[in-house]
Amino acid sequence: MIFIRKLNQNEIQDFQKFEQQCVKQPFCVAEFIEVYGYTVYIAEVDGEWAGYLVVHELDFGVWDIIHIIVLKQYRLNRIATKLMEFFQSETYIRTISLEVDETNEKARCFYEKNGFNIVAMRKNYYEKRNGVLMNKQMKYILAIETSCDETAAAVVRSDFQVLSNIIHTQKIHEQYGGVVPEVASREHVEKLPVVIEQAMKDAGLEYNQLDYIAVTYGPGLAGSLMIGVEAAKTLGWQLNIPVIPINHMAGHIYANKTVQAFQFPLLAVTISGGHTEIVEMLEDENFSIISQTHDDAIGEVYDKVARILGLGYPGGPKIAALAEKGQLEHEFPIATVKEDPYGMSFSGLKTAVMNYVHNKEQKNEPINIENIAYSFQHAVIQTLDEKLKLCLHNKTYKHILLSGGVSANTAIQAHLREIAEKNGMEFSVPEKLLCTDNAAMIGLAACTKLAGNMGDISDNMGKIHIKPGLVLQ
Ligand code: KG4
Ligand code: ZN
């Protein structure tokens, strides 16, 4: 077990001894810790000290890496990476810089992998050898999401760290059995300022520490999108920082950035209340939809079937919970789409469930709601299974990413994970909170744009308009 922590004040003597054990010429940071406030992180493996990281804050948010050392016998355990990750995860950082011996190829690679860039050379810095000065800049993004019935804001850092993620789910729609656009817009107006304030507070940031605003500009409900986009533009204008418009569906996909690095080429299965598509990605920001629904989205059918079964809105989680206790009672039909072998169709499935229930009611037969939920979910999974197998039949992919509100469904997750494993592919799905609509995913998609310097970062707020029918491309 590897455990990383800060060195305690009463451990300075021990640390000095440990330093002597690690390096020929100890740096003797004891004095630096006490006098200049250097910070030391210790890595422990099964209780034994295995390595350390010494950092120094030169100015607010400006950090210098003094030393990162791992004892020989513990190398290959990714301890250096873990020390760096721990330090970066708990610290406010604008810039981190360090010097590394030009001839130390391994160290340079390690820092490059950790997002550092070479900024300068220092001649003869290490006696006769040159020093390479490397640094890493962090940007802070406030992300806003109001495309449907979640009012959400998050703060995300450019190294894909989610610093805060506030989601207000509008419960008011439950009484209507579905989202009422006008009501959703009004609630966004009321709740968005509160949600933004809380996201900033949780991240521990002041508004003037932000570098960008990211906002969903489509697809979604026009009135709802407008509230988020106008708020983003107003804040961007007031703070004099750029606004990055983000496609909601790209956001869902990039929620997977919190899980693992993307392995291209990949297939992203995005299933939500408004969309159902299998998207091929050859690289970041490169989307081509291979398979999609020709009528209802999967989440929409879950919600409609839930209404048929009298379960209320949103129906997805309710049906999923019932299905866990049920078994296959009826094989509902799996639709095919004429002229589009990759196409999906779910409206027939909804009708089939409705007819099945009505039939039973007319005959006064008992209705086992758990079995119906299971049988319906089985048909959904089989549809995804067929289409994914078709995609995999023609081409090799390295990774399946599951995303969108319906990806919170554990049965669907398990089935897709199995397909990935059978085909030697990676599989990832975000944690539940990042599956359904949230703003962190919008911030993560914005980080990808920043990392790749990929357009769309507007210096002219006037250019950003809502696009309710936006598609991934
Ligand atoms: O992505 P999302 O939050 O909003 C849209 O962009 O549409 O997706 C919401 C959809 C709803 O239809 C909801 O019923 C469904 O996701 N959902 C689920 C589950 N959790 C949410 N569907 C099936 N199983 C779940 N566990
Ligand atoms: Zn969504």
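Residues numbered from 1 in each chain as written. Chains lettered and ligands numbered in written order. Predicted model: local features only at pLDDT ≥ 70, side-chain atom pairs only at ≥ 80, totals over all residues. Heavy atoms only, no water.

Chemist: Got a minute to help me understand the coordination of the zinc ion (ligand 2) in this structure?
Modeler: The expected angle between donors at a tetrahedral four-coordinate metal is 109.5 degrees. At an octahedral six-coordinate metal it is 90 or 180 degrees. Taken together, His 248 (NE2), His 252 (NE2) and Asp 437 (OD) make up the protein donors of the zinc ion (ligand 2), found 2.0 to 2.1 Å from the metal. Mapped onto the polypeptide sequence, the residues donating to the zinc ion (ligand 2) form the spacing pattern H-x3-H-x184-D. Note that His 248 and His 252 are positioned in helix α7 (residues 248-254) at a spacing of four residues, about one turn of the helix. By relative accessible area, His 252 is classed as buried at 0%. (Donors = N, O, S within 2.8 Å, 3.2 Å for Na, K, Ca; no water. Helix = DSSP H or I, 4+ residues; strand = E, 2+ residues; numbered from the N terminus. Buried < 20%, exposed > 50% of the residue type's maximum accessible area, 1.4 Å probe, protein only.)

Chemist: Help me understand the nonpolar core in this model?
Modeler: Within soluble globular proteins, side chains that are nonpolar generally end up buried alongside one another. Ranked by size, the top nonpolar core spans 70 residues in total, and within it Phe 15, Tyr 52, Ile 65 and Tyr 111 carry the most contacts. Val 353, Tyr 356, Val 380 and Ile 400 belong to the second largest nonpolar core, which has 43 residues in total. (Core = buried A, V, L, I, M, F, W, Y, C linked by side-chain atoms within 4.5 Å.)

Chemist: Help me understand helix α14 (residues 440-451), please; the structure alone is not making it clear to me.
Modeler: Side chains of residues three or four places apart in an α-helix project in the same direction, reflecting 3.6 residues per turn. If you check α14, its first and last C-alpha atoms are 16 Å apart, about what 12 residues at 1.5 Å a residue would give, namely 16 Å. Listed as buried for α14 are Ala 440, Met 441, Ile 442, Gly 443, Leu 444, Ala 445, Ala 446, Cys 447, Thr 448, Lys 449 and Leu 450. (Expected span 1.5 Å × (residues − 1).)

Chemist: Where do I start with a positive patch on the surface in this structure?
Modeler: A cluster of like positive charges, contributed by Lys 24, Lys 72, Arg 75 and Lys 106, occupies part of the molecular surface. Classification of Arg 75 by relative accessible area gives partly exposed; the value is 46%. (Patch = residues over 30% accessible without salt bridge, like charges linked within 9 Å, V, L, I, M, F, W, Y side chains within 5 Å. Areas by Shrake-Rupley, 256 points an atom, 1.4 Å probe, with all protein chains shown as cover. Salt bridge = Lys/Arg side-chain N within 4 Å of Asp/Glu carboxyl O. Lys, Arg positive; Asp, Glu negative; His and termini not counted. Charge placed at Lys NZ, Arg CZ, Asp CG, Glu CD.)

Chemist: In this structure, what is going on with the site of ligand 1? I would like to understand it.
Modeler: Around ligand 1 there are 19 residues in total, and Gly 273, Asp 303, Gly 316, Gly 405 and Asp 437 lie nearest to it. Backbone polar atom of Gly 299 to an oxygen atom of ligand 1: 3.1 Å apart, as the coordinates give it. Measuring from an oxygen atom of ligand 1, one finds a side-chain N or O atom of Asp 437 at 2.9 Å. Computed on the free molecule, ligand 1 has an accessible area of 560 Å², of which 90% lies beneath the protein chains in the complex. Those elements that place two or more of their residues in the shell around ligand 1 are α7, α8 (298-308) and α9 (315-323). (Near = heavy atom within 4 Å. Polar contact = N/O pair within 3.5 Å; in protein donor to acceptor, adjacent residues only side chain to side chain.)

Chemist: Where do I start with the environment of Val 40 in this structure?
Modeler: With respect to the helices and strands, Val 40 occurs in strand β2 (residues 39-45). Given a relative accessible area of 4%, Val 40 falls into the buried group. Distance from Val 40 to His 56, taken between C-alpha atoms, is 8.9 Å for residues 16 residues apart in sequence. If near-sequence neighbours (up to four positions away) are discounted, Val 40 is found in contact with Arg 5, Lys 6, Leu 7, Phe 15, Ile 33, Tyr 52, Leu 53 and Val 54. (Contact = heavy atoms within 4.5 Å.)

Geometry only, nothing functional implied.
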